[in-house]
Amino acid sequence: MKRLRDEKTIRKIYRDGERRTSNELTLLYLQNQCHRLNYAIHVGKRFGIAVRRNKIKRVFRELLLQFKEKLVGYDIVIRPKKKAEEISFHQLSQRVEKLFIEAEIPIQK
RNA sequence: GAAGUUGCUCAGGUGAUCGCGCUUCGCAGCAUGGCGGAGUGAGGAAAGUCCGAGCUCCGAAGGGCAGGGUGGUCGCUAACGGCGACUGGGGGUGACCCUAAGGAAAGUGCCACAGAAAACAAACCGCCCGCAGCGUCCAAUCGCUUAAACGAGAGGUCGAAGCAGGUAAGUUUGAAACGGUGAGGUAAGAGCUCACCGCUUUGAUGGCGACAUCGGAGGCAUGGUAAACCCCACCCGGAGCAAGACCAAAUAGGAACACAUGUCGUGUCAGGCCGAUUUUUAAAUUGUCCUGGCGCGACGAAGGGCGGCCCGUCCAAGGUGUUCGGGUUAGGUCGCUAGAACCGGAUGGUAACAUCCGGUCCAGAGAAAUGAUCAUCACUCCGGCCUUGCCGGAGAACAGAACUCGGCUUAUGCGUAACUUUGGUC
RNA sequence: GGUCCCAUCGUCUAGUGGCCUAGGACGUUGGCCUCUCACGCCGAAAACACGGGUUCGAACCCCGUUGGGACCA
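Quantities reported herein were computed from a predicted structural model and do not represent experimental measurements. Throughout this document, residue positions are counted from 1 along each chain, in the order its sequence is written. Labels are handed out in written order, letters beginning with A for the chains and numbers beginning with 1 for the ligands. Totals for whole chains, interfaces and linings use all residues, but because this is a predicted model, local features are given only for residues with pLDDT of at least 70 and pairs of side-chain atoms are given and counted only at 80 or more. To get the side-chain values, all heavy atoms of the structure are used, and hydrogens and water are removed first.

Some remarks on the pairing of strand S4 (residues 37-41)
Step number 1: Along S4, five of the five residues are buried, which leaves the element largely enclosed by surrounding structure.
Step number 2: Burial along S4 is two-sided: Leu-37, Tyr-39 and Ile-41 facing one way and Asn-38 and Ala-40 facing the other are all buried.
Step number 3: In this structure, strand S1 (residues 2-3) lies alongside S4, joined through two bridges in parallel fashion. Counted as the bridge partner of Arg-3 is Tyr-39 from S4.
Step number 4: Across five bridges, S4 lies against strand S5 (residues 74-80) in parallel orientation. Within S5, the residue paired with Leu-37 across the bridge is Tyr-74. For the exposure calls, accessible area comes from a 1.4 Å probe over protein chains only, and a residue counts as buried if that area is under 20% of its type's maximum, exposed if over 50%, partly exposed in between. Numbering of helices and strands starts at the N terminus; helices are DSSP runs of H or I of at least 4 residues and strands are runs of E of at least 2. At least two DSSP bridges between two strands are needed for those strands to be called paired.

If you want it as structure tokens, here you go:
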């Protein structure tokens, strides 16, 4: 699992990728060539000061760790919404898994 | 016990599992990558960007003006608008706190409403004395008369207005009224005189100094406002690591507008006036001068740079300047962290701080990494119980390095020391 | 990261020490007009971002916060 830091790749995902939304986040995804999960978490300034933004990013990174072995071959971008701050880690985990199922990404056992 | 003032410390520890950034080593490998090990990894405010510096570039960072900043004194410091000590003023019962705290007798401006008057001294309302006339009242005396009544009436008293003079805040207004309070004094009053306080000025003593204490003199002149302009003293060139340096790649020498192309010298060519020579006229040759073209040299400048202006200085025909357009491009490397650094000690100093000795190496990352769960220990709070204790539950703030330091300000949890005021009990 | 600018009724604004108990326009709202609506007329409510300081007096001057906005190779 690797963090995406290349601006061009992220733009490509925004342009060509599929997207699914829930109350808590927006998920964008695109198949890639390598057999790994690359991710980016997009937290704008409307979430407040730097500490809060960093906290959201840490929560989502921890959450993606669960899917590390199951989701390979995809580049994804996660855009949290403000409601994501209000619910617990466990609830958030379920919502994300649901989104992955909706997206018909094959979850490997 | 309560309320408060000032200073200081810490910013949870340990272990396990899963993860992250950077550096480095090893293995496999040459795909956009993988696996494993080691080291290291946020703050007291990293924040606001309010000051000050280092560093880099802008010509070499020059002079003056403008502009900006600071403003008790002495010190500390690389520097500061910071810090320390002291002085004056103000606040608080107090511990203690606050203080842009130079100049209003260089000049200008402003001081609404109210008030007689708002700045330089007067006018007005008053008070007092004097003058001449008028009126009221009293009245010596006189006329007439027996007397009374009546009439006249020197002089006095009171009153209103006038003239000339004296007078100061009387009595309001106001934030503020040419010293304040008290006593004497006077026609009425007034520093007119006296005492105390204030002020001005002068001297002595103490202090490096701000200033303090004591004394003499003047009798009061100098309203407030400078976080109004201003004056005085001191300081400041501008920009900022997106500074800047190097490398690579790409574009292709683009468009529009503005401005200069002058003067002098000299060479050459062409033309013209005049003269000389040859010569029958005409024409030819040649010389001085003038005009024009070209070349060379010197001077020169519209403009531009030195990010406000002037001086000064530099560039200035191989055109320059401004604007627009196109391309690269969210390219790479360096700058980039060993420093006015941190810790401990000694010495000097009231202190800020300085010097010396010993030790330590402590993030340098592409929009950017430190976290999650569990256990346990420590801390705080709440509840219960058999109250030196045990059990259960809850909590842990503000907040995340982006070139680096020194401060200030703001946000914020817990603890602790000294001191102050106050309540209760002994 | 750095350099700057701004803040007045719900919105756009005027105000540059006293005339400010802050003016105007649009909007809101009450009444009149009309058969009703619109237009028109008369009225009302509504703001100096916050905290200190200077001054007799502050929306205005000074300092500090808070919020918003612009720019950079």
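Following the structure, the description resumes.
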